[in-house]
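Summary of structural features
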Amino acid sequence: MTTSYRAWTAASLRRIMAAGLSLCCCLAGNFGLLKAEQPTKTEASQANAGSANASQQLLATSSDYQIREGDMVQVSVFNEPELAAGGRVRNDGSIQCPLIGSMRIIGLTQTSAARLIEEAYRKDYLVNPEVNLFVSQFSTRRITVLGQVQRPGSHDLPAEKNLTILQVLGLAGGTTRIANLKKVMVKRVVGGREQIIKVDVHSMASGARTMMFYVNEDDVITVPESFF
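Residue numbers here run from 1 along each chain, matching the order of that chain's written sequence. In keeping with the predicted nature of the model, local features appear solely for residues at pLDDT of at least 70, side-chain atom pairs appear and are counted solely at 80 or more, and the whole-chain, interface and lining totals rest on all residues. Excluding hydrogens and water, the side-chain figures rest on all heavy atoms present in the structure.

**Some thoughts on the environment of Glu-217**
Our working rule: Under the DSSP-based scheme used, a helix requires at least four consecutive residues in state H or I and a strand at least two consecutive residues in state E, with every element numbered from the N terminus. Whether a residue is buried, partly exposed or exposed follows from its accessible area with a 1.4 Å probe, protein chains only, as a fraction of its type maximum: under 20%, in between, or over 50%, in that order. We call two residues in contact whenever any of their non-hydrogen atoms come within 4.5 Å of each other.
Position of Glu-217 among the secondary structure elements: in the loop between α5 (201–206) and β10 (220–223). For Glu-217, a relative accessible area of 32% translates into the label partly exposed. Spatially, the C-alpha atoms of Glu-217 and Leu-157 are 7.8 Å apart, while their sequence positions differ by 60 residues. The residues touching Glu-217, leaving out its near neighbours within four places in the chain, are Arg-68, Thr-140, Arg-141, Arg-142 and Leu-157.

Structural data, given as structure tokens:
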């Protein structure tokens, strides 16, 4: 009786140990699976970079961006692949589209330009056209900053937004310590005529003047020297 009881006890212990070993293996396997499913630092960095690029692309194609000369645009018509068009906006502000010819889109937003082309197709060719237009490459805008700045010369302006004169001076590396910010001069061509605009940048920087001065493409900004 005692021998049988000991045999039964030993067999029970072996079954319990085997079950425990199986459970440990199962938990270890599940832990490994969960660990494998966690993103690595590299994958997380790539995901963050992708989000940043997407944000930059969204900014670059802002809905209120106005098409400019030299922009590269792409045009497509739903279910009409033969009507696809693309190219740079020409000097006269137009692009060439199949069937309807030259379309002047300069100064329009991407949505407004698409609607304009839709109307042209609807007038003579298509019943209910759906046109998609987007800027695939922006033209380069430049500005010149001279005088008492750290990096005088020409500087590229971002295509998708306007900059204040303070921001442009920042692009030029900031001003020197002898710069006279109260008498900054901006040379600008308006309607074919040259204008000289005097800007008190010091008041803007100090907050005394709430109205900001925005620069235009091809402006020439000169920061004079301060005479004590």
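**Things to note about the sheet that holds strand β5 (residues 131–137)**
Rules: Paired strands are those between which DSSP finds at least two bridges. Orientation is described by axes fitted as lines to C-alpha atoms, over the contacting stretch for helices, and by angles from 0 to 180 degrees between their N-to-C directions.
Judged by pairing direction, the sheet is antiparallel, and its three strands sit side by side in the order β2-β1-β5 without closing on themselves. Unpaired on one side and paired on the other, β2 (85–88) and β5 mark the two borders of the sheet. Direction aside, neighbouring strands of the sheet carry axes that sit 15° apart on average. Note: strand β1 (residues 72–77) against β2, four bridges, orientation antiparallel. Within β2, the position partnered with Gln-74 by the bridge is Gly-86. Along the sheet, helix α3 (residues 110–124) contacts β1 and β5; its crossing angle with β5, the most-contacted strand, is approximately 135°.

**Side note on the sheet that holds strand β8 (residues 184–190)**
Reading across from one edge, β7-β6-β10-β8-β9 is the order of the five strands in this open sheet, with mixed pairing throughout. Each of the sheet's edge strands pairs with one partner strand only, and the pair in question is β7 (153–157) and β9 (193–199). Recorded for the sheet is a direction-independent mean angle of 25° between the axes of neighbouring strands. Bridge count for strand β6 (residues 141–147) against β7 is five bridges, and the pairing is antiparallel. If you follow Arg-141 over to β7, its bridge partner there is Leu-157.

**Regarding the packing of aromatic side chains**
Any pair of aromatic rings gets described here by the distance separating the centres and the angle formed by the planes. The cut-off we apply is this: Pairs were defined over the aromatic rings of Phe, Tyr and Trp, the Trp ring being its six-membered one, requiring ring centres within 6.5 Å. Orientation was assigned from the angle between planes: stacked under 30 degrees, edge-to-face over 60, tilted for the rest.
Enumeration over the complete set of coordinates arrives at one aromatic pair. Judged by centre distance (4.8 Å) and plane angle (85°), the rings of Tyr-65 and Phe-138 are edge-to-face. Highlighted residues: Tyr-65 in the loop between α2 (41–60) and β1 and Phe-138 in the loop between β5 and β6, separated in sequence by 73 residues.

**So, unusual backbone geometry**
For Asn-79, which is not a glycine, the phi torsion comes out positive at approximately 65°. Mapped onto the fold, Asn-79 is located in the loop between β1 and β2. At Leu-99, a residue that is not glycine, the phi angle is positive and equals roughly 75°. By the secondary structure assignment, Leu-99 is in the loop between β3 (94–97) and β4 (101–104).

**Side note on α3**
We count it as follows: Expected helix span is taken as 1.5 Å per residue step, with the number of steps being one fewer than the number of residues. Directions drawn from the helix axis to the C-beta atoms are what define this arc.
Over its 15 residues, α3 runs 22 Å from end to end, which matches the ideal 21 Å to within 8%, given 1.5 Å per residue. Listing the buried residues of α3 in full gives Gln-110, Ala-113, Ala-114, Ile-117, Glu-118, Ala-120 and Tyr-121. Buried residues of α3, seen end-on, are gathered within an arc of 160° and therefore sit on one face of the element. Among the structural elements, β1, β3, β4 and β5 are those in contact with the buried residues of α3.

**Some details on the nonpolar core**
For clarity, the threshold we go by: Nine residue types can take part in a nonpolar core, namely buried Ala, Val, Leu, Ile, Met, Phe, Trp, Tyr and Cys, and a core is a set of them joined through side-chain atoms within 4.5 Å.
By size, the foremost hydrophobic cluster in this structure holds 22 residues, and its most contacted members are Ile-67, Ile-95, Ile-105, Ile-117, Tyr-121 and Leu-133. Elements with a contribution of two residues or more to this core: β1, β3, α3 and β5. Looking at this core element by element, the count peaks at five residues for α3. Residues Ile-143, Val-145, Val-201 and Phe-213 belong to the second largest nonpolar core, which totals 19 residues.

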